[in-house]
Amino acid sequence: RILIFDEDLMWSVRLKSGLEKLGHEVEVFDKPGAFFGGDVAILNLSSNVFSVESLVRDLHCAGVYCIAHAGHKEGEKLAAGVSAGVDLIVTNGELARKLEHVIEKVASERLIRLEQSG
């Protein structure tokens, strides 16, 4: 199950559609609030609605792997994702063009973490 945190409805609808075509169950959140269950979250670092640091902290506490994205020229926002402890940071273009590859990379990294902890 993939959770999308993004108030940009045009972007989140496109992302949700792409993920559903890949066979994933997807839920979109366009404002802060409670979320339940999820394996992976995709966060827009350009959001004016979500606090990246607190959202990443809450997601990690729930065992959710975090992917974050921003424009390739938004260096400060990408750096903020690193500071917040995001697991994987990609540009908007990478996420749009290589969605399947990004999700496969996440699955591989999660499997490695499970093997190391088990």
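Look up a bit, the structure's there.
Residues numbered from 1 in each chain as written. Predicted model: local features only at pLDDT ≥ 70, side-chain atom pairs only at ≥ 80, totals over all residues. Heavy atoms only, no water.

J.: Account for the sheet that holds strand E2 (residues 26-29), naming residues and giving values.
T.: Pairing between the strands of a sheet comes from backbone hydrogen bonds, and it takes one of two forms, parallel or antiparallel. Read from one edge of the open sheet, five strands run E2-E1-E3-E4-E5, paired in parallel fashion. Edge positions in the sheet fall to E2 and strand E5 (88-91), since each has one partner strand and no second. Strand-to-strand twist in this sheet, taken as the mean axis angle between neighbours without regard to direction, amounts to 20°. The sheet strands contacting helix H2 (residues 52-61) are strand E1 (2-5), strand E3 (40-44) and strand E4 (65-70), and the helix crosses E3 at an angle near 175°. (Pairing = 2+ DSSP bridges. Helix = DSSP H or I, 4+ residues; strand = E, 2+ residues; numbered from the N terminus. Axes fitted to C-alpha atoms, helices over the stretch in contact; angles between N-to-C directions. Contact = heavy atoms within 4.5 Å.)

J.: Help me get a handle on the packing of aromatic side chains, residues and values and all.
T.: Aromatic rings in a pair are described by how distant their centres are and how their planes are angled relative to each other. Using the criterion set out here, one finds three aromatic pairs in the structure. Ring geometry for phenylalanine 5 and phenylalanine 50: centres 5.6 Å apart, planes at 85°, overall edge-to-face. Remark: phenylalanine 50 occurs in the loop between E3 and H2 and phenylalanine 5 occurs in strand E1; sequence separation between them is 45 residues. Both residues of the pair, phenylalanine 5 and phenylalanine 50, belong to the buried class. By way of ring pairs, the aromatic residues Phe5, Phe29, Phe35 and Phe50 are connected into one cluster. (Phe/Tyr/Trp six-rings, centres within 6.5 Å; stacked < 30°, edge-to-face > 60°. Buried < 20%, exposed > 50% of the residue type's maximum accessible area, 1.4 Å probe, protein only.)

J.: Tell me what's going on with the side chain of histidine 69, and back it up with residues and numbers.
T.: Mapping histidine 69 onto the fold places it in strand E4. Leave out the neighbours within four places in its chain, and histidine 69 touches Asp6, Trp11, Ile42, Leu43, Asn44, Leu45, Ser46, Val90, Thr91, Asn92 and Leu95.

J.: Got a sec to walk through the environment of tryptophan 11? Specific residues and values, please.
T.: Along the chain, tryptophan 11 falls in helix H1 (residues 9-21). Distance in space between the C-alpha atoms of tryptophan 11 and valine 28 is 11 Å, their sequence separation being 17 residues. In this structure the side chain of tryptophan 11 is engaged in a polar contact, spanning 3.2 Å, whose partner is the side chain of histidine 69. (Polar contact = N/O pair within 3.5 Å; in protein donor to acceptor, adjacent residues only side chain to side chain.)

J.: Talk me through the nonpolar core; I want residue IDs and the actual numbers.
T.: Residues Leu3, Phe5, Ala41, Leu43, Val56 and Leu59 are the most contacted members of the largest nonpolar core, which totals 19 residues. Looking at this core, the elements that each hand over two or more residues are E1, E3, H2, E4 and helix H3 (75-84). Here this core gets four residues from one element, more than from any other, and that element is H2. Contacts of leucine 59, omitting those with residues within four sequence positions, involve Leu3, Phe5, Phe35, Ala41, Leu43, Val64 and Cys66. Listed in part, the 17 residues of the second largest apolar core include Trp11, Leu15, Tyr65 and Leu99. (Core = buried A, V, L, I, M, F, W, Y, C linked by side-chain atoms within 4.5 Å.)

J.: Which residues make up the pattern of salt bridges, and what values go with them?
T.: Where charged atoms from two side chains of opposite charge come close, those side chains can pair. A complete count under the given rule lists three salt bridges for this structure. Between glutamate 25 and arginine 1 there is a salt bridge, with the nearest N and O atoms lying 3.5 Å from each other. Residue glutamate 25 is located in the loop between H1 and E2, and its partner arginine 1 is located in the segment before E1; the two are separated by 24 residues in the primary sequence. Owing to a relative accessible area of 26%, arginine 1 belongs among the partly exposed residues under this scheme. For the salt bridge of lysine 16 with glutamate 20, the shortest nitrogen-to-oxygen distance reads 3.9 Å. Of this pair, lysine 16 and glutamate 20 both sit in helix H1, four residues apart, which is roughly one turn of the helix. What makes lysine 16 partly exposed here is its relative accessible area of 28%. Taking the relative accessible area as the measure of exposure, glutamate 20 reaches 41% and is therefore partly exposed. Members of the salt-bridge network, linked through shared partners, are Arg1, Glu25 and Glu27. (Salt bridge = Lys/Arg side-chain N within 4 Å of Asp/Glu carboxyl O.)

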